[in-house]
Amino acid sequence: MPNPVATFDTSMGKFEAEIYLDQMPVTASNFIALANEGYYNGMSFHRVIQDFMLQFGCPFSKDPKSSRAGTGGPDGGTTFSTPDGKTITRDRGGNIPDELVVKLSNEPGTLSMANTGQPNSGGSQFFVNTVHNSFLDWYDTSTPSQHPVFGKVVRGMDIVHKIEKTKCDRNDKPTTPVVMNSITIS
């Protein structure tokens, strides 16, 4: 069975990404469950850095002027299921277990789990790499960063680069919000 594809419908256009459910079942299932719930609808990209990445997925970013954008995640104690039927419960902070199992590099177009730098601190936030950020690979021992890849853009990298070139303020927040209208999974 082929992996699912997520269609990201943004205020600047659409792009599609294959979600690596076959290789990253926990991280991918978390993302798919949130997308299917409409969790991401109406959020904005809260951190955009040219020649690096686009960060997204904080519920506080529904108010693009919120100073809390980049600090939130899903409700703690909520659950989702993996393809093998296992139920995963997000911890009290809304975080999921780190899935550091497959060596997928943070190449251009990959979707990677954002976290605080502490173990098991990823929840709903992720980023789209716009360049090869191998120093973010969980298996790269040159830095403490551990950001597992769980998908890759397969169509619409031109839209990703268009978002990447958005004018931002000194905190890397787009001055004109880039809003996620919806994410659909097929």
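Structure first, text after, so check above.
Residues numbered from 1 in each chain as written. Predicted model: local features only at pLDDT ≥ 70, side-chain atom pairs only at ≥ 80, totals over all residues. Heavy atoms only, no water.

Q: Run through the overall build of the chain, naming residues and quoting values.
A: Scanning the chain from terminus to terminus reveals two helices and 10 strands. Going from N to C terminus, the chain has its helices and strands arranged as β-β-α-β-β-β-β-β-β-β-α-β. Taking the principal axes of the C-alpha coordinates as reference, the chain spans close to 40 × 35 × 35 Å. For the chain, the residues scored as buried account for 47% of the 186 residues in total. A separation of at least 24 residues holds for 62% of the contacts in the chain among residues at least 6 apart in sequence. For the chain, the accessible area works out to roughly 8800 Å², and carbon and sulfur atoms hold 49% of it. With 16 positive and 19 negative side-chain charges, the chain shows a separation of 7 Å between the mean positions of the two kinds. (Helix = DSSP H or I, 4+ residues; strand = E, 2+ residues; numbered from the N terminus. Buried < 20%, exposed > 50% of the residue type's maximum accessible area, 1.4 Å probe, protein only. Contact = heavy atoms within 4.5 Å. Areas by Shrake-Rupley, 256 points an atom, 1.4 Å probe, with all protein chains shown as cover. Lys, Arg positive; Asp, Glu negative; His and termini not counted. Charge placed at Lys NZ, Arg CZ, Asp CG, Glu CD.)

Q: Can you tell me about the nonpolar core, naming the residues and giving the values?
A: Across soluble globular proteins, nonpolar side chains have a tendency to be buried as a group. The biggest cluster of nonpolar side chains holds 38 residues, and the ones touching the most others in it are Phe 8, Ile 19, Phe 31, Tyr 40 and Ile 183. At seven residues, helix H1 (residues 25-36) tops the list of elements feeding residues into this core. Once residues lying within four places of it in the same chain are set aside, the contact partners of Phe 8 are Gly 13, Lys 14, Phe 15, Ala 17, Phe 31, Leu 111, Phe 126, Met 180, Ser 182 and Ile 183. Phe 52, Met 53, Ala 114 and Leu 136 belong to the second-largest nonpolar core, a separate cluster that totals five residues. (Core = buried A, V, L, I, M, F, W, Y, C linked by side-chain atoms within 4.5 Å.)

Q: Lay out the packing of aromatic side chains with the relevant residues and their values.
A: Within the structure shown, the criterion is met by 14 aromatic pairs. On the numbers, 5.4 Å between centres and 85° between planes, the contact of Tyr 39 with Tyr 40 is edge-to-face. An identical accessibility class is assigned to Tyr 39 and Tyr 40; each is buried. Each member of the aromatic cluster is reached from another via a ring pair, and the members are Phe 8, Phe 15, Phe 31, Tyr 39, Tyr 40, Phe 45, Phe 56, Phe 126 and Phe 150. (Phe/Tyr/Trp six-rings, centres within 6.5 Å; stacked < 30°, edge-to-face > 60°.)

Q: Outline the environment of Pro 97, supporting the account with residue identities and numerical values.
A: Looking at the secondary structure, you find Pro 97 in the loop between strand S6 (87-89) and strand S7 (110-113). In sequence terms Pro 97 and Pro 119 are 22 residues apart; their C-alpha atoms lie 8.0 Å from each other. With near-sequence residues (within four places) excluded, Pro 97 lies in contact with Val 26, Ile 88 and Asn 120.

Q: Give a detailed account of H1, specifying residues and quantitative values.
A: Between its first and last C-alpha atoms H1 spans 16 Å; for 12 residues at 1.5 Å apiece the expected length is 16 Å, and the two agree. The buried fraction of H1 is high, at 10 of 12 residues. For H1, every residue scored as buried is listed here: Val 26, Thr 27, Ala 28, Ser 29, Asn 30, Phe 31, Ile 32, Ala 33, Leu 34 and Ala 35. Immediately beyond the C-terminal end of H1, within one or two residues, lies Gly 38, with a positive phi of roughly 80°. (Expected span 1.5 Å × (residues − 1).)

Q: Lay out the sheet that holds strand S10 (residues 180-185) in plain terms, naming residues and giving numbers.
A: Read across the sheet, eight strands follow the order S3-S4-S8-S7-S9-S2-S1-S10 without closing on themselves; strand pairing throughout is antiparallel. The sheet terminates laterally at strand S3 (47-49) and S10, the two strands that pair on one side only. Here the average twist between neighbouring strands, direction ignored, is 25°. This element, H1, spans strand S1 (5-10), strand S2 (13-19), S7, strand S8 (126-129), strand S9 (149-155) and S10 of the sheet and lies at about 120° to S10. Sheet strands in contact with helix H2 (residues 157-164) are S1, S2, S3, strand S4 (53-56), S8 and S9, and its direction is about 115° off that of S2. (Pairing = 2+ DSSP bridges. Axes fitted to C-alpha atoms, helices over the stretch in contact; angles between N-to-C directions.)

Q: Outline unusual backbone geometry, listing residues and values.
A: Its identity is not glycine, yet Asn 120 carries a phi of approximately 55°, on the positive side. Following the sequence through the fold, Asn 120 ends up in the loop between S7 and S8. Assessed through its relative accessible area of 37%, Asn 120 is described here as partly exposed. Although it is not a glycine, Asp 172 sits at a positive phi angle of roughly 70°. Mapped onto the elements, Asp 172 comes out in the loop between H2 and S10.

Shape is all these values report; function is a separate question.
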